[in-house]
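Examination of the molecular architecture
Spelled out, the chains give:
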Amino acid sequence: MKIIVELYGATKDLSSKNFLEIDIKNNSTIQDVKFEIIKFIDKKFEGNKNLKQIIESSAFCSENDKIISENYIISKSQTIGIIPPIGGG
Amino acid sequence: MLHTKIVDSKRGKIDIVKAEKFLSSSKYGAIIYFIGTVRNLNENKEVTGITYDSKDSLVLKSFEEIYKDSEKKLNIKDKAVFIEHIKGYVSLREKSIIIGVGCKHRDEAYQLSRYIIEEIKKRTPIWKKEHYSDNDSEWLKGVSIQQN
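Summary of the structure given here. Quick caveat, the model's predicted, so the values are computed rather than measured.

Conventions we followed
Residues numbered from 1 in each chain as written. Chains lettered and ligands numbered in written order. Predicted model: local features only at pLDDT ≥ 70, side-chain atom pairs only at ≥ 80, totals over all residues. Helix = DSSP H or I, 4+ residues; strand = E, 2+ residues; numbered from the N terminus. Rg over C-alpha atoms; globule rule 2.2 N^0.38 Å. Buried ≥ 20, exposed ≤ 12 C-beta atoms within 10 Å, placed from the backbone. Contact = placed C-beta atoms within 7 Å. Expected span 1.5 Å × (residues − 1). Arc of directions from axis to C-beta. Axes fitted to C-alpha atoms, helices over the stretch in contact; angles between N-to-C directions. Parallel < 35°, antiparallel > 145°, perpendicular 65-115°, else oblique. Left-handed = near helix turned anticlockwise from the far one by under 90°. Nonpolar A, V, L, I, M, F, W, Y, C, P; charged D, E, K, R; others polar.

**What about the overall build of chain A?**
Across its full length, chain A carries 2 helices and 7 strands. Taken over the C-alpha trace, chain A has a radius of gyration of 12 Å; the compact-globule value for 89 residues is 12 Å, and the two agree within 12%. By its C-alpha atoms, chain A is 35 × 30 × 25 Å across when sized along the principal axes. Here chain A holds 89 residues, and 29% of them are scored as buried. A separation threshold of at least 6 residues defines the contact pool for chain A, and within that pool the share at least 24 residues apart is 50%.

Have a look at this one:
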């Protein structure tokens, strides 16, 4: 199944479209999504360590704007957001 | 009483006059404004501007949560809070954030103002990309957001 991962902050460097479309199995977790994004970085960005580190340190949010845990199960096609380390103000 | 907004720099600026209007009440004997601006030097690099990125819906939610949590943490019942944050590109000296607080007394106002900016730094999904005089640019390292 396909999900959309909206990109924010430094993760916007991953795509000019501000989102990634990722293929995952039913009932995958956020950890699985991170793994897929890291595979994407390996393929498209020659394993850029900085980008991988950002993904490892990122949180994710659901469609209804809740920060979700690494074990959150994705049971249907949906849009989630990646929240890299923040620094406003 | 709370006012929050994210202002797109392509469409407008954040303006202290709006904060003054919002906080103008004889109930408050102490009003404090915190204004964040773009400064010219960071880690020995000459900064020319900053692009702010924002997850708008979560930003506004975090402002509301910080406002509510301030009641529990600081026990300040009678207050008014004005928060506006910019998104998009801003140049040197331009404002990135205004936090205006109105309280009965100065001690409460100082505490509340400080609490809000520190919590925004920890909880609010906003990101900065600095632009430098050599035309380079860089997303700044931040703080990992925690699940509640």
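After presenting the structure, the write-up continues.
**Observations concerning helix α1 (residues 30-44) of chain A**
Residues and elements named next belong to chain A. With 15 residues, α1 extends 21 Å between its outermost C-alpha atoms, agreeing within 8% with the 21 Å of an ideal straight helix rising 1.5 Å per residue. Of all the residues in α1, the buried ones are I30, V33 and I37. Projected onto a plane normal to the axis of α1, the buried residues spread over an arc of 55 degrees and lie on a single side. In α1, the exposed positions that point more than 90 degrees away from the buried face belong to Q31, K39 and K43. Against β1 (2-6), β2 (19-23), β3 (28-29), α2 (49-56), β4 (59-61) and β5 (67-68) lie the buried residues of α1. E46 sits one or two positions beyond α1 and adopts a positive phi of about 50 degrees.

**Details of the packing of helix α2 (residues 56-74) of chain B against helix α3 (residues 106-123) of chain B**
Residues and elements named next belong to chain B. Across the interface, α2 lies against α3 with an axial gap of 10 Å and an inter-helix angle of 135 degrees. Taken together, α2 and α3 sit at an angle that is classed as oblique. In terms of crossing hand, the pair formed by α2 and α3 is right-handed. Within the contact between the two elements, α2 uses S62, I66, S70, K73 and L74 and α3 uses Q111, L112, Y115, I116, E119, I120 and R123. Residue composition of the contact of α2 with α3, by class: 6 nonpolar, 3 polar and 3 charged.

Geometry only, nothing functional implied.
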